[in-house]
Amino acid sequence: MDAQDVPKTEDADKASTSHEIDFVTMGMFIIDEIEYQPPTPPVKDILGGAGTYSALGARLFSPPPLSNSVGWIIDKGSDFPAALEDLISTWETSVLIRPTPERLTTRGWNGYDEHQNRAFRYMTPKKRLTAEDLTPELLTSRSFHLICSPTRCRELVTEIRARRSGLSNADGGSLPKPIFIWEPVPDLCTPDELLNCTNTLPLIDIISPNHSELAGFMGDSGLDPETGEISTKAIERACEQLLGSMPLQSFAIVVRAGEKGCYLARNGGRKRKVRPAAPQRKKPSALLHGGLQPDTDMEALFAGLLQDPEGTIAREEIEVDPGVERWIPAYHTGDDAADRVVDPTGGGNTFLGALAVALARGKNLEEAAAWGSVAASLAIEQVGVPVLAKDDEGRETWNGVVVDERFEEFKTRLAFTS
């Protein structure tokens, strides 16, 4: 859709709301059935789907009233359990619940092997979200989480940008450039789709496959052939290849690797800043562009385009961005992981919701990944979503944990300075 085709209304033109939106997911809401390795029995009617868990990740770092900055969409079928709707309401987010009584709610089956690789299938017809489903309020979001094929990702980014072009912020100015976080769908992470993947990278800010999906693009298993565990070397090698294919692009790769944590990779480069030099005597144009004189400014002679109208040379300052290559560990590791990790379902989506909202609020990639690791740790400590409550001091807790306190402890463990 072209920008000029977007219908404008008074509300859409202003797009001013009582609160700002930091995060919106295009992931679906799904009611899950989860099947484990024997002898653990399966569970049903669990809050699930990429949309739900990514919204959870953003919500974990957004206690009220900031919870209103988290946007997502639920298509509520005729079989929607009242208990799930009550649970969702306690999160106090900017969720858009759309009744669809003519259909069943999207339901899915999840199964895991011993390496935490997920098998998934739909049990009822799915209802995919499009850019047209976003209200003017949700369109103003600072970040968008997309989970789709490479081709669909390009379509969504283009459509969202086109629809945003008809909106303005509360002050009447243009909306800032949003952050796009792309999570590839597993069944299209194949060598045949690698070219489509690289063609998508210039349009997004973050690509975040898990270790298995990244390996799928490269035609590899992603596992260490001797131990059968996730291969960190294979992940680093694949990231180097992807970054090498697009050396002039500014996207980052965030690989979610289960118990190994996550790997961050981003190309470095030069950042140019232009600052005026100390005032200088204006040189006559004949001297700048004519014959050489003893006091001719040679820099101005060969870089005349850097002059301002007063004849002062704007000198260029170059800052080198070294890029990023870093592993961030999982929050739960070793014996702690064995004791605390109950169900990995939704952990990756939760990670990305927290990562996205951190970036939307100005955090750097490494700190945003730490937000994601903490959020994921809470998502996997039980079947379904963590329990929201308040402590004796009235602070919000999830599974009895104050999220900011867990993050501060994790940040200390990582030796972050900010």
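Residues numbered from 1 in each chain as written. Predicted model: local features only at pLDDT ≥ 70, side-chain atom pairs only at ≥ 80, totals over all residues. Heavy atoms only, no water.

Draft legend 1. Quick look at the overall build of the protein chain. A count of helical and extended segments in the protein chain gives 14 helices and 17 strands. Taking as baseline every contact in the protein chain between residues at least 6 positions apart, the subset at least 24 positions apart corresponds to 70%. Carbon together with sulfur atoms contributes 51% to the accessible area of the protein chain, which is approximately 20,200 Å² in total. (Helix = DSSP H or I, 4+ residues; strand = E, 2+ residues; numbered from the N terminus. Contact = heavy atoms within 4.5 Å. Areas by Shrake-Rupley, 256 points an atom, 1.4 Å probe, with all protein chains shown as cover.)

Draft legend 2. Up close: the pattern of salt bridges. This structure, assessed with the given rule, holds 23 salt bridges. Between Arg-59 and Glu-396 there is a salt bridge whose closest N-O contact spans 2.8 Å. Of this pair, Arg-59 sits in helix α2 (residues 50-60) while Glu-396 is found in strand β17 (residues 396-398), placing the two residues 337 residues apart along the sequence. Put simply, Glu-20, Asp-22, Arg-142 and Arg-361 are held in one network by salt bridges that share partners. (Salt bridge = Lys/Arg side-chain N within 4 Å of Asp/Glu carboxyl O.)

Draft legend 3. Examining α2 more closely. Across the eleven residues of α2, eleven count as buried, placing the element largely inside the fold. The set of residues buried in α2 consists of Ala-50, Gly-51, Thr-52, Tyr-53, Ser-54, Ala-55, Leu-56, Gly-57, Ala-58, Arg-59 and Leu-60. (Buried < 20%, exposed > 50% of the residue type's maximum accessible area, 1.4 Å probe, protein only.)

Draft legend 4. Inspection of the confidence of the model for the protein chain at higher detail. Residues at a pLDDT of 70 or more form 82% of the protein chain, whose mean pLDDT is 86. This stretch, residues 1-17, has a pLDDT under 50; its non-local contacts, to residues over four places away or in other chains, come to 25 contacts. This stretch, residues 283-289, has a pLDDT under 50; its non-local contacts, to residues over four places away or in other chains, come to eleven contacts. (pLDDT = per-residue confidence, 0-100.)

Draft legend 5. Structural view of the packing of aromatic side chains. Taken as a whole and assessed by the stated rule, the structure comprises ten aromatic pairs. On the basis of an interplanar angle of 40 degrees and a centroid distance of 5.1 Å, the ring pair of Tyr-263 and Trp-327 is categorised as tilted. Here Tyr-263 is found in strand β12 (residues 262-266), whereas its partner Trp-327 is found in strand β15 (residues 324-328), with 64 residues between them in sequence. For Trp-327, a relative accessible area of 23% corresponds to the partly exposed category. Considering the side-chain rings of Trp-371 and Phe-407, the 6.3 Å spacing of their centres and the 75 degrees angle between planes classify their relative orientation as edge-to-face. Of this pair, Trp-371 sits in helix α13 (residues 365-379) while Phe-407 sits in helix α14 (residues 403-414); the two residues are 36 residues apart in sequence, bridging distant segments of the chain. An aromatic cluster of three or more residues is present, and its members are Phe-61, Trp-371 and Phe-407. Note that Arg-121 overlies the ring of Trp-109, its terminal NZ or CZ placed 4.4 Å from the centroid. Here the guanidinium or amino end of Arg-413 rests over the ring plane of Tyr-331, the centre of that ring lying 4.7 Å away. (Phe/Tyr/Trp six-rings, centres within 6.5 Å; stacked < 30°, edge-to-face > 60°. Lys NZ or Arg CZ within 6 Å of the ring centre and 35° of its normal.)

Draft legend 6. Examining the nonpolar core more closely. Core analysis: the biggest nonpolar cluster contains 53 residues, and Phe-61 and Leu-355 have the highest contact counts within it. With ten residues, the single largest contributor to this core is α13. Those residues in contact with Leu-355 that sit more than four places away from it in its chain are Ile-206, Leu-365, Ala-368, Ala-369 and Gly-372. Grouped together as the second largest cluster of nonpolar side chains are 40 residues, Cys-153, Ile-160, Leu-201 and Ala-257 included. (Core = buried A, V, L, I, M, F, W, Y, C linked by side-chain atoms within 4.5 Å.)

Draft legend 7. Examining the pairing of strand β4 (residues 70-76) more closely. Within β4, six of the seven residues are buried, which leaves it mostly tucked inside the rest of the structure. The pairing of strand β1 (residues 23-25) with β4 spans two bridges and is parallel. Looking at β4, one finds that Phe-23 is bridged to Val-70. Judged from the six bridges that link them, β4 and strand β5 (residues 94-99) form a sheet pairing that is parallel. (Pairing = 2+ DSSP bridges.)

Draft legend 8. View of the state of the cysteines. This structure, assessed with the given rule, holds zero disulfides. Between Cys-148, a free cysteine, and Cys-153, which holds the nearest cysteine sulfur, the sulfur-to-sulfur gap is 4.6 Å. Exposure remark for Cys-148: the relative accessible area of 5% places this residue in the buried category. A disulfide-free cysteine, Cys-197 has its sulfur positioned 7.6 Å from the sulfur of Cys-189, the nearest such atom. For Cys-197, a relative accessible area of 0% gives the class buried. (Disulfide = S-S within 2.5 Å.)

Draft legend 9. Representation of the side chain of Asn-110 within the structure. Along the chain, Asn-110 falls in strand β6 (residues 107-112). On the accessibility criterion, Asn-110 (0% relative accessible area) is buried. In this structure, Asn-110 is in contact with Asp-32, Glu-33, Ile-34, Glu-35, Arg-118, Ala-119, Phe-120 and Thr-345, ignoring residues within four places of it in sequence.

Draft legend 10. Layout of the environment of Ser-250. Mapped onto the secondary structure, Ser-250 falls in the loop between α8 (232-245) and β11 (252-256). Residue Ser-250 is classed as exposed on the basis of its relative accessible area, which comes to 66%.

Draft legend 11. Here's a closer look at the environment of Thr-350. Residue placement: Thr-350 occurs in helix α12 (residues 347-360). Among the residues examined, Thr-350 registers a relative accessible area of 0% and is labelled buried. Separated by 300 residues in sequence, Thr-350 and Ala-50 have C-alpha atoms that sit 8.2 Å apart. Sequence-distant contacts of Thr-350, defined by excluding residues within four places in its chain, comprise Tyr-53, Ser-54, Leu-56, Gly-57, Leu-60, Ala-375, Ala-376 and Ala-379.

Draft legend 12. Main features of the pairing of strand β2 (residues 30-35). Most of β2 sits out of view: five of its six residues are buried. The pairing of β2 with strand β3 (residues 43-48) spans four bridges and is classified as antiparallel. From the neighbouring strand, Ile-30 faces β3, where its bridge partner is Gly-48. Pairing analysis gives five bridges linking β2 to β6, with the strands arranged parallel. Opposite Asp-32, over in β6, you have Gly-108 as the bridge partner.

Draft legend 13. Structural view of the sheet that holds β5. Read from one edge to the other, the open sheet built from nine strands follows the order β5-β4-β1-β8-β9-β10-β11-β12-β15, with strand pairing classed as mixed. Either end of the sheet is taken by a strand with one partner, and the two such strands are β5 and β15. Each of β1, β8 (143-148), β9 (179-184), β10 (206-207), β11 and β12 is contacted by α12, which is oriented at about 165 degrees to β9, the strand it contacts most. (Axes fitted to C-alpha atoms, helices over the stretch in contact; angles between N-to-C directions.)

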